[in-house]
Amino acid sequence: EGGGTPESRLRDWLDPLGTGNIRINWIENPDVDEIASIQGQIVTPDSTGISGVDILLDGEVMAQTDLAGNYLIENLSVGTNYDIQPSKNINPINGTSVQDLIIIQKHNLNREPLTSIYDLIASDINNSKSISVIDLIELNKVILGRSTAFPDNTSWRFVPSTFDTQSIDIMSVD
């Protein structure tokens, strides 16, 4: 007749894989702890992990990504909706150069329009949902050291991996 107690045999029968998810017709077992965790990874378009990204849960920093871009938030209530946002706003000069000014200028003159959604988002320096001469001026200020931050923007912008980058409009990216 099997080993263990009646409770452990019932748990083995209800949850043979040991997932901790014990439900019968959507009625939860009252003995199961009501905690959950959220984990994920923040990566570049070429799947390189981004370290040092703050992970905000309902507006409060709850975790930071490791060197591989991974994060884990534990001890969350089951059945609660959470708003998760990545945030990184350091060193705006990192990865920018005079070449970026030239690329944005060519885009604005319609000589070499930007086609990558990531390039379009990065070129919108002042987060106005458009790319204009103002973006060139603001980027130039940072490159020359006259400003240490982008106005109304962060140095890093994040796009959910579920976005269709072929049809997304820069006007819809926050």
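Here is what the cut-offs are and how they apply
- Residues numbered from 1 in each chain as written.
- Predicted model: local features only at pLDDT ≥ 70, side-chain atom pairs only at ≥ 80, totals over all residues.
- Heavy atoms only, no water.
- Helix = DSSP H or I, 4+ residues; strand = E, 2+ residues; numbered from the N terminus.
- Buried < 20%, exposed > 50% of the residue type's maximum accessible area, 1.4 Å probe, protein only.
- Contact = heavy atoms within 4.5 Å.
- Patch = residues over 30% accessible without salt bridge, like charges linked within 9 Å, V, L, I, M, F, W, Y side chains within 5 Å.
- Areas by Shrake-Rupley, 256 points an atom, 1.4 Å probe, with all protein chains shown as cover.
- Salt bridge = Lys/Arg side-chain N within 4 Å of Asp/Glu carboxyl O.
- Polar contact = N/O pair within 3.5 Å; in protein donor to acceptor, adjacent residues only side chain to side chain.
- Core = buried A, V, L, I, M, F, W, Y, C linked by side-chain atoms within 4.5 Å.

1. Some remarks on the overall build of the protein chain
Across its full length, the protein chain holds four helices and seven strands. In the protein chain, the order of α-helices and β-strands from amino to carboxyl end is α-β-β-β-β-β-β-β-α-α-α. With 174 residues in all, the protein chain has 24% of them scored as buried. Sequence separation of at least 24 residues holds for 58% of the intrachain contacts in the protein chain that already meet a minimum separation of 6.

2. Some remarks on a nonpolar patch on the surface
A surface patch of nonpolar side chains, about 250 Å² in accessible area, is lined by Val133, Ile134 and Ile137. Mapped onto the elements, Ile134 comes out in helix α4 (residues 133–143).

3. Description of the side chain of Thr65
Tracing the chain through its elements places Thr65 in the loop between β5 (60–64) and β6 (70–77). Here the side chain of Thr65 touches Gly52 through a polar contact of 3.0 Å, landing on its backbone nitrogen. With near-sequence residues (within four places) excluded, Thr65 lies in contact with Ile42, Ile50, Ser51, Gly52, Val53, Ile55, Asn70 and Tyr71.

4. Some words on the nonpolar core
Core analysis: the largest hydrophobic core is formed by 11 residues, namely Ile38, Ile42, Ile50, Val53, Ile55, Leu57, Ala63, Tyr71, Ile73, Leu76 and Phe158. Of all elements in the fold, only β4 (54–57) and β6 reach the threshold of two or more residues within this core. Once residues within four sequence positions are removed from consideration, Ile42 is found in contact with Thr48, Gly49, Ile50, Val53, Ile55, Thr65, Gly69, Tyr71, Pro86 and Phe158.

5. Topic: unusual backbone geometry
One non-glycine residue, Asn75, lies in positive phi territory at about 60 degrees. According to the relative accessible area criterion, Asn75 is exposed, its value standing at 63%. Residues other than glycine seldom take positive phi values, yet Asn91 does so here, at roughly 45 degrees. For Asn91, the location among the structural elements is in the loop between β7 (84–87) and α2 (98–108).

6. Thoughts on the pattern of salt bridges
Applying the stated criterion across every chain, the model contains two salt bridges. A salt bridge links Lys106 to Glu112, with the nearest nitrogen and oxygen atoms 3.5 Å apart. Classification of Lys106 by relative accessible area gives partly exposed; the value is 31%. Glu138 is the salt-bridge partner of Lys141, the closest N and O atoms lying 3.5 Å from each other. One end of the pair is Lys141 and the other is Glu138, both in helix α4 and three residues apart, which spans about a single turn. The class of Glu138 is buried, set by a relative accessible area of 14%.

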